[in-house]
Amino acid sequence: PLALARSYVETDPSGYLHLIRHAARATNVPVALIRAVISAESAFNPYALSATGAVGLMQLMPDTAARYGVKNRMDPSQNILGGARYLGDLMRLFNNNMRLTIAAYNAGEGSVLKYGRRIPPYPETVAYVPKVLKYYTHYRLA
């Protein structure tokens, strides 16, 4: 059943860790960053559905999914790999600036570019960046 991600308690099922590691190797994105984004986006709920239409573990929007060849956004393997590919592109675009990469994942790269390569002043994005960075630090140290 589809449910809002916020209604779930965060877990890190070991069943996803091999998919995360595979995506990290394929995209050169840190495992800790992929895990941090999944924690913030869906709390590891593969059925998460946002009010804006983002779906799955990494909350892919339809256009982003299509851009990265994701046919089934609910499929954890496709969702994680598509989200990691997007993160990898954002890391390259923003010269490995983690804050801008995370902001762009949330608000779109166009928004970060529009605001002069700064975190856009959207309340959701302003709150999202430190939340993901906190998870990222946790997973890096784990």
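Criteria and cut-off values
Residues numbered from 1 in each chain as written. Predicted model: local features only at pLDDT ≥ 70, side-chain atom pairs only at ≥ 80, totals over all residues. Heavy atoms only, no water. Helix = DSSP H or I, 4+ residues; strand = E, 2+ residues; numbered from the N terminus. Buried < 20%, exposed > 50% of the residue type's maximum accessible area, 1.4 Å probe, protein only. Contact = heavy atoms within 4.5 Å. Areas by Shrake-Rupley, 256 points an atom, 1.4 Å probe, with all protein chains shown as cover. Lys, Arg positive; Asp, Glu negative; His and termini not counted. Charge placed at Lys NZ, Arg CZ, Asp CG, Glu CD. Expected span 1.5 Å × (residues − 1). Core = buried A, V, L, I, M, F, W, Y, C linked by side-chain atoms within 4.5 Å. Salt bridge = Lys/Arg side-chain N within 4 Å of Asp/Glu carboxyl O.

(A) The arrangement of the overall build of the protein in detail. A tally of regular secondary structure across the protein gives 7 helices and 0 strands. Counting helices and strands in the order they occur from the N terminus, the protein gives α-α-α-α-α-α-α. Its C-alpha atoms give the protein principal-axis dimensions of roughly 40 × 30 × 30 Å. Within the protein, buried positions represent 48% of all 142 residues. Pairs at least 24 apart in sequence give 47% of the contacts found in the protein among residues at least 6 apart. About 7400 Å² of surface is accessible on the protein, with carbon and sulfur atoms providing 55% of the total. Across the protein, 16 positive and 8 negative side-chain charges occur, with their mean positions spaced 6 Å apart.

(B) Region of the structure containing unusual backbone geometry. Non-glycine residue Ala 43 carries a positive phi angle of around 50°. You can see Ala 43 is positioned in the loop between α2 (31-42) and α3 (62-67). Classification of Ala 43 by relative accessible area gives buried; the value is 10%. Here the phi dihedral of Phe 44 falls at roughly 65°; this positive angle occurs in a residue that is not glycine. Structurally, Phe 44 can be placed in the loop between α2 and α3. Of the residues examined, Phe 44 reaches a relative accessible area of 3% and is grouped as buried.

(C) The arrangement of α2 in detail. Across its 12 residues, α2 extends 16 Å between first and last C-alpha, which sits within 8% of the 16 Å expected from 1.5 Å per residue. In terms of burial, α2 is a largely internal element, 11 of the 12 residues being buried. If you check which residues of α2 are buried, you get Ala 32, Leu 33, Ile 34, Arg 35, Ala 36, Val 37, Ile 38, Ser 39, Ala 40, Glu 41 and Ser 42. Buried-residue contacts for α2 involve α1 (14-27), α4 (76-93), α5 (98-107) and α7 (123-141). Ala 43 occupies a position one or two residues after α2 and carries a positive phi of about 50°.

(D) Structural context of the nonpolar core. Counting residues in hydrophobic clusters, the biggest one holds 40 residues, and the most contacted among them are Leu 33, Ile 34 and Tyr 105. Among the secondary structure elements, those contributing two or more residues to this core are α1, α2, α4, α5 and α7.

(E) Spatial organisation of the pattern of salt bridges. Inspection of the entire model under this criterion finds 2 salt bridges. The shortest N-O distance in the salt bridge between Arg 67 and Glu 109 comes to 2.9 Å. Taken together, the residues span a long stretch of sequence, with Arg 67 in helix α3 and Glu 109 in helix α6 (residues 109-114) at a distance of 42 residues. Overall, the relative accessible area of 18% leaves Glu 109 in the buried class. Measuring nitrogen to oxygen at the nearest pair gives 2.7 Å for the salt bridge that ties Arg 92 to Asp 89. You can see Arg 92 and its partner Asp 89 sitting in helix α4, 3 residues apart, about one turn around the helix.

Just geometry here; none of it tells us what the structure is for.
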